[in-house]
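Overview (structure and organization)
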Amino acid sequence: MTLRATVEELVREFRANGRIVIVGASLAGLRAAETLRAEGFTGSLTIIGDEPYEPYDRPPLSKQVLKGWVPADHTKLPRMREVDADWRLGVAATGLDRDTKQVRLADGEQVPYDRLLIATGTRARQWPNPSEAALYGVHTIRSRDDAAQLQKALAESPSRVLVIGAGFIGSEVASVCRELDIPVTVVERGSAPLVGALGGVIGEIAAQMQREHGVDLRCGLGVSSLEGDSGGHVRRAHLSDGTTVDADVVVASLGSIRNVEWLEGSGLAAGFWGVGCDAGGRAFDINGVVTDSIYVAGDVARAPHVLYEYQFLAMEHWDNAVLGAEVAAHNMVNLEPNYRPHLLLPGFWSGQFGVNIKSVGVPPFGDEIVFTQGSVEERRFAAAYGHGGRIVAAVTFDHGKWLEYYGKLIEQSGPFPPPPPGWDQPPDMKPVPAEFPDPRVPTAIPDVVLTGHAPSERTAEFRPRRH
Amino acid sequence: MVEETPWQQALRYANRANPYPFYEELRRTPVARQPDGTYVVSTYQEIVALLHDPRVSSDVRKLPVPVAAPAEGSAEAEPITEAVISLEPNIITQDPPEHDRDRRMMTPRFVGPPHSPHLISDLEPEIRRIVDGLLDNMQGKTRFDAVDEFAYPLPVTVICKVLGVPLEDEPRFHSWIETALDALDFGPEAASEEMQSRLAGGRRAVQEFGQFAADLLDRYARQPGPGMLSAMVNEDGPEERMSQGVLASNALLLIFAGHETTVNLIAHSVLTLLRHPDALEKLRRRPELIVPGVEELLRFESSVQFWHTRSAVEDIDIAGTTIPKGAPIFLAYGSANRDPQRFTDPDELDLERCDNQHLGFSQGIHFCFGAPLARLEVQVAVGEFVRRVQNPRLVEDPPPYRHNQIFRGPRHVLVDIDGIHD
Ligand SMILES: Cc1cc2nc3c(=O)[nH]c(=O)nc-3n(C[C@H](O)[C@H](O)[C@H](O)COP(=O)(O)OP(=O)(O)OC[C@H]3O[C@@H](n4cnc5c(N)ncnc54)[C@H](O)[C@@H]3O)c2cc1C
């Protein structure tokens, strides 16, 4: 047999009888499983998830679920096709042994794999003081159960809700509170809501929006401690300026932590920003060498992106989980040259205060912003972000139908400022600084992070040899 | 004589039944400048790009007049825009921000969401009742006209009900619409004497129709009644209310669009299924395929073959061509829906086609306002047709077509049948 024929035989054999394990039974895990089957993989498929539930959808949790429109347990993800998998739900993966190719489970079992997909996503960053975090009435929101509890708390008409952190999720919670006519205070360490994701210019608009809707918004401040009553129920928060806020529900929306601890000792490039992988989803080891059998997708993955100077992007976005999973799954059962890249243009949507916010590209990569369509006063506009004379991102408020146009421009590295529209031009079309916070300033962590550095910036320092 | 472009050939009446070979030729030049200075865009990617390009205007008042150079032997300027311009703008001939504001005001009263998400789905029993009645009426017949007796009555009855237009006025506005449609011609035959005289009639019809809409709205202003038109006249806060003229123009648009496109879609769906007995049989066996099936029928014979009121407000570079500022742009949906770069085997009818993002309802901010209603009507009508009509056979293929190229559809589709199931 020729070498080529042998390799083809091996691929056929793997597709027919290989063993694939997916860790993380949520959006990315499910979509990957479906893609594997769609691609003709008929071997054994095991899906491990620490949550007891079948895969469900998270975006509705901070929106329709909190409003009480949809019960938290009605968010199950639709199935695109039969996956015929061995589901291990309610049990966490606790370790990875790459020598013996086994995933260790919390119940002591070992699951062998030929190929592994890591899709463990992120979890909510908890309020840092454990005893305060344990107070009754202190919430985070990531899971179905979180959302159900918070929804219940909101339905009991609390006298005031305190939201700590005004990123997308915190702002959505504040918006829901106002819709339910619950008094709400938002405390944000940055200069405005959404600044990490969209910069200070848009942040200022988001701030006005919150205030117009009666949110007690306090920026440039932190919460230093939470105080409970004798029954262990949270009652008050102390802020860094010495003031206090009385609240009986506190929502800590402090960004997320990547679920990588179980990979410790595995020798994979796993850390604070997730698991490094190439654009095809193949995981890197700690030396930057690509592995052959381990893949990553979803919130926990970070991969270089050609449009952003090959910086590594970690994206906590729904689209990214779906498309990344599809690409990784495809590559798991194919060989070069049939690998596919996951070169999604990042995209995000959010609904708050009656406005549909969408973005495309990576706004924090931009340093300038220009309003391109519509009217800021009416909260219906499009704006573009630029870097080095090209357009790198765009954001729309109730103007989502135009996003596709900006997406195309970004993909083509179109000019910044972009060509003016033929109508509905905003009064001022002069680019201004986009006002992203210095990355070293702690603030709500944006959902797309650039985790590499631009080679031209030369910010890395090499240590001199000591011997 | 100058040779005709593929586009002009596609528009010739003789080719109405099958413009697709000409579209195929046309797609070799995705953005083709026509002798009259119009740019015809025929490929999927390019059309989608322009539908999302804020440098493209839909406002007919921004169209340079005349659109066309006078055709041979005729001194007449392009007629259509004139007739349309004489009306106040409506949502398809407006750009943002006016477009967005007016559409926003109309949406909740027509398509429902977010305020009344069940508006359309609640119509289903009524639609079923009408379809059942139409099929019941055919009991005992061996031949019927699927246009006059089936495709036409349903959308008309439904749109009258939704809008609150008295059904007894239907014959009047039906004839205005027919006359107006027959007066439109974008092809080489436009200059003929016959078309010129139809044109005059068409202008009159549009005017009378406009007056009818205005009168109806006046009546509702004095005495509120059922339906969307009355709601639009009466329920708005003072600052949001549309002007009377704009209201009338939109009313006319809704009556017209709710009237015409669905008729053609149902007629074409029946025609297409009778031409593809395998597909018909499949749909009979698997009625659940009606939902993807209707999408495929929309792709296969899109009701609106092209749209003609767009223009470039700036120079636009696309597919290696620059559409100059001010040029009229025709978007050929009927061609895009058969673009092999976008759809595998586009000339095959595949009721289970995946990834079927056709342009049968357009895309972008002017995406068909009535799409949810049209979908429901066609799903019910075609589904019941397939279920109840016994052994249907086409009598004449191709059937006679209506004159209009935009709203392309058969004038009659005669069908022989063995009977009607219960
Ligand atoms: C409240 C909320 C609102 C959102 N709204 C939007 C929105 O509007 N738009 C948008 O684009 N995105 C939104 N997102 C983000 C989007 O939901 C995520 O990008 C998406 O869920 C990522 O999918 P994933 O499968 O990568 O990760 P996850 O959904 O986080 O799934 C990872 C799964 O792995 C499990 N797991 C972790 N560690 C282990 C282990 N060791 N062993 C076994 N299982 C493990 C986790 O419990 C979890 O079930 C929102 C997220 C949240 C929480």
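Residues numbered from 1 in each chain as written. Chains lettered and ligands numbered in written order. Predicted model: local features only at pLDDT ≥ 70, side-chain atom pairs only at ≥ 80, totals over all residues. Heavy atoms only, no water.

In the nomenclature of an unreviewed UniProt entry, chain B corresponds to Cytochrome from the organism Streptomyces griseochromogenes.

If you check an unreviewed UniProt entry, chain A appears there as Ferredoxin reductase from Streptomyces griseochromogenes. Among the UniProt annotations of chain A, the heading Cofactor (unreviewed entry) holds the following wording: "FAD". (UniProt positions renumbered as here; feature names shortened; annotations may be inferred.)

1. Considering the overall build of chain A
The helix and strand tally for chain A stands at 9 helices and 30 strands. Its C-alpha atoms give chain A a radius of gyration of 23 Å, within 12% of the compact-globule value 23 Å for 467 residues. On the principal axes, the C-alpha backbone points of chain A span a range of 75 × 60 × 60 Å. Out of the 467 residues belonging to chain A, those deemed buried represent 54%. Across chain A, the fraction of contacts at a sequence separation of at least 24, relative to all contacts at a separation of at least 6, is 66%. Within the structure as shown, chain A displays about 20400 Å² of accessible surface, and the carbon and sulfur contribution to it stands at 51%. (Helix = DSSP H or I, 4+ residues; strand = E, 2+ residues; numbered from the N terminus. Rg over C-alpha atoms; globule rule 2.2 N^0.38 Å. Buried < 20%, exposed > 50% of the residue type's maximum accessible area, 1.4 Å probe, protein only. Contact = heavy atoms within 4.5 Å. Areas by Shrake-Rupley, 256 points an atom, 1.4 Å probe, with all protein chains shown as cover.)

2. Description of the packing of helix H8 (residues 153-163) of chain B against helix H16 (residues 371-388) of chain B
Residues and elements named next belong to chain B. Look at H8 against H16: their axes get within 11 Å of each other, and the N-to-C directions meet at 140°. Here H16 runs oblique to H8, going by the angle between their axes. Pair H8 / H16 crosses with right-handed handedness. Here H8 contributes Leu154, Pro155, Val158, Ile159 and Val162 to the contact with H16, which in turn contributes Leu373, Glu377 and Ala381. (Axes fitted to C-alpha atoms, helices over the stretch in contact; angles between N-to-C directions. Parallel < 35°, antiparallel > 145°, perpendicular 65-115°, else oblique. Left-handed = near helix turned anticlockwise from the far one by under 90°.)

3. Thoughts on the site of the ligand
All names here are of chain A. Around the ligand lies a shell of 31 residues, among which Asp50, Glu51, Arg58, Lys63 and Arg142 are the nearest. The contact in question runs from an oxygen atom of the ligand to an N or O atom on the side chain of Glu51, over 2.5 Å. Between the ligand and the protein, one listed contact pairs an oxygen atom with a side-chain N or O atom of Lys63 at 2.7 Å. Burial of the ligand by the protein chains amounts to 95% of its free accessible area of 1000 Å². Elements with a minimum of two residues in the shell around the ligand: helix H2 (27-38), strand E2 (44-49), helix H8 (318-332) and strand E24 (347-352). (Near = heavy atom within 4 Å. Polar contact = N/O pair within 3.5 Å; in protein donor to acceptor, adjacent residues only side chain to side chain.)

4. Brief notes about the domain arrangement of chain A
All names here are of chain A. Taken domain by domain, chain A comprises domain 1 (3-66 + 77-121 + 259-332), domain 2 (124-256) and domain 3 (354-433). Of note, the centres of domain 2 and domain 3, computed from C-alpha atoms alone, are 29 Å apart. Taken together, the contact between domain 2 and domain 3 spans 11 residues of the former and 15 residues of the latter. Taking both sides of the interface into account, the surface hidden between domain 2 and domain 3 amounts to around 1000 Å²; carbon and sulfur atoms contribute 73%. Across the pair Arg379 and Glu212 runs a salt bridge whose closest N-O atoms are separated by 2.5 Å. (Domains from an automatic or database assignment. Buried area = accessible area lost by both parts, 1.4 Å probe. Salt bridge = Lys/Arg side-chain N within 4 Å of Asp/Glu carboxyl O.)

5. Observations concerning the pattern of salt bridges
Residues and elements named next belong to chain B. As enumerated under the stated definition, the model contains 54 salt bridges over all chains in all. Here Arg55 and Asp53 are joined by a salt bridge, their closest N and O atoms 2.8 Å apart. With respect to class, Arg55 is no different from Asp53; both count as buried.

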